[in-house]
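Given next are the chains, with one letter for each unit.
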Amino acid sequence: MGNRLNRRDFLWRSALIGCSAAASPLVTPMSFAAAPWDDRLVVLILRGALDGLDALRPVGDPNFATLRPDRGAGTGVALDGAWELHPALAPLVPLWRAGELGFVNATSTPYRDKRSHFDGQDILEAGTTGVGQARDGWLNRMLQAVPGIEAETTYSIGRGDMLLTTGAAPVSNWSPDAALSLSPQTERLLEMVTHDDPLFRDALGEALVLSGLVAPGSAGEILQMAEMMEMAEGGAMDSGGAMDRGDMQDARKALAEAAKAARGAGGYDALARFAAQKLRAEARIATFSINGWDTHAAQHRTLQGPLESLASVLQTLRDDLGPAVWGKTAVVAMTEFGRTARLNGTGGSDHGTAGLMIYAGGALRGQQVTGGWPGLAEADLYARRDLLPLSDVRAHAAGVMQGLFGLDRAVLEGQVFPGLDMSGAARLVL
């Protein structure tokens, strides 16, 4: 079964990372299911809340340059006069031009206002309108509606099944043998230096996200983050602040070691390659998470790595599936909520409401940005802080499954996504 986390490890790392624990690189199971159809579906959960306004920049909105003065027109990769991609997504431009990449803007789950990663992800994966309304996930409930579903034999580490695939329908799990090798001394050090310092704890959480499964960036970037943390804290702390320069140096070393260990797992590309291998054979559905989207600070740096990982995953899926299978494949990338329209004082963005759904694949209608646009004037923002939701992201996922698998709308609105109205679903399947 590989190296499994014990309860103490899990609780410690959850407490350590704080709000970024929901995006832990150790919580990256992968699930598959075989099904009696030929089309393929890949669901990517972007844990941590993707900032859609940075990934796909609405440069055609005159208020965007005011809200994000360093992200205005000409700073990204132009798709047309209204939209630019973040430079880290530039490798996906050929997919866009081929009609195999698209976006749904201003979309969200029914979750509002509390902005908790854990609650937001629960609703996203359960497919319900509120927290705790279901113990199974919407993808598993979809499988329950299809007779003859079989699971492949695989294995997992971390927490096992994603809620998305948990339920009565048989689903197998697989994950690479990935664990951050932290000594007890390192664990104790990180507990000590983060215990009473919320600013340092949050910054450390961001650094650990950077050293996630793919370790987006080098160990040098982790060290740079540690330098930034030290500057943010005004240099070395006195004994009352729980750490000194020696502790900081040890923390930097621990972060670099964690990054090195994480990179040895093979990264998200390994998940994508394994997914493609299974999808070329009997599997028809695959799902896994890409972590690291909780960009509360230094977003110009912290968002780069996760976006590069996402771009690489999509390219790997396309290349490894091959033209024939890619032409029958839909990839849907969803996140628990968006982020604030304005950046905060540390150059990051906080938890928001409406966000971005990214999709790709030869089975989908790409080269479009759909979903409508609510505007970024202050009066147009949700609670005068967030992008206003115009659609339910569940409707778009349901529309993809209906188009791919021919599922009845009543099943999708009643069993798979209880309480859903699919009338707002974008037309994504060819």
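Scroll up to find the structure this text is about.
Residues numbered from 1 in each chain as written. Predicted model: local features only at pLDDT ≥ 70, side-chain atom pairs only at ≥ 80, totals over all residues. Heavy atoms only, no water.

> What is the right way to look at the packing of aromatic side chains in this model?
Note on aromatic pairs: each is described by the distance of the centres and the angle between the planes. Under the defined criterion, the tally for this structure stands at 5 aromatic pairs. Each ring, one from tryptophan 83 and one from tryptophan 373, has its centre 5.4 Å from the other, and the planes form 90°; the classification is edge-to-face. Of this pair, tryptophan 83 sits in the loop between β4 (77-78) and β5 (84-85) while tryptophan 373 sits in the loop between β11 (369-370) and β12 (391-392), placing them 290 residues apart in sequence. Considering the side-chain rings of tyrosine 111 and phenylalanine 337, the 6.4 Å spacing of their centres and the 25° angle between planes classify their relative orientation as stacked. Pair noted here: tyrosine 111 is in the loop between β6 (101-108) and α5 (117-126) and phenylalanine 337 is in the loop between β9 (329-335) and β10 (355-360), with a separation of 226 residues, a long-range link. By relative accessible area, which is 10% here, tyrosine 111 ends up buried. Judged by relative accessible area, phenylalanine 337 falls into the buried class, the value being 4%. (Phe/Tyr/Trp six-rings, centres within 6.5 Å; stacked < 30°, edge-to-face > 60°. Helix = DSSP H or I, 4+ residues; strand = E, 2+ residues; numbered from the N terminus. Buried < 20%, exposed > 50% of the residue type's maximum accessible area, 1.4 Å probe, protein only.)

> Could you clarify how one ought to interpret the nonpolar core in this entry?
Considering soluble globular proteins, one finds that nonpolar side chains tend to be buried as a cluster. Among the nonpolar cores identified, the biggest contains 46 residues, and Leu44, Leu50, Phe103 and Ile290 are the most heavily contacted of them. Counting residues per element, this core draws most heavily on helix α13 (residues 304-326), at 9 residues. Ignoring anything within four residues of it in the chain, the contact list for isoleucine 290 reads Leu44, Ile45, Leu46, Arg47, Tyr268, Ser309, Leu310 and Val313. Core analysis: the second largest hydrophobic core is formed by 43 residues, Leu139, Val171, Phe405 and Ala426 among them. (Core = buried A, V, L, I, M, F, W, Y, C linked by side-chain atoms within 4.5 Å. Contact = heavy atoms within 4.5 Å.)

> Honestly, the pairing of β10 in this entry has me stumped. Any pointers?
Looking along a regular strand, one sees the side chains alternate between the two faces of the sheet. Taking burial as the measure, the 6 residues of β10 include 6 buried ones, the bulk of the element. Alignment of β6 against β10, held across 5 bridges, turns out to be antiparallel. Across the sheet, the residue bridging to valine 104 is methionine 357, located in β10. Pairing geometry for β9 and β10, over 3 bridges, is antiparallel. Its bridge partner lying in β10, valine 332 is registered against tyrosine 359. (Pairing = 2+ DSSP bridges.)

> Any chance you could explain the side chain of arginine 141 here in plain terms?
With respect to the helices and strands, arginine 141 occurs in helix α6 (residues 138-144). Look past the residues within four positions of arginine 141 in its chain and what remains in contact with it is Ala126, Gly127, Thr128, Ala134, Asp136, Gln415, Val416 and Pro418.

> How should the side chain of histidine 351 be read in this particular structure?
Its place among the elements puts histidine 351 in the loop between β9 and β10. Residue class for histidine 351 comes out buried when judged on its relative accessible area of 12%. A distance of 3.0 Å separates polar atoms of two side chains, one belonging to histidine 351 and the other to histidine 296. (Polar contact = N/O pair within 3.5 Å; in protein donor to acceptor, adjacent residues only side chain to side chain.)

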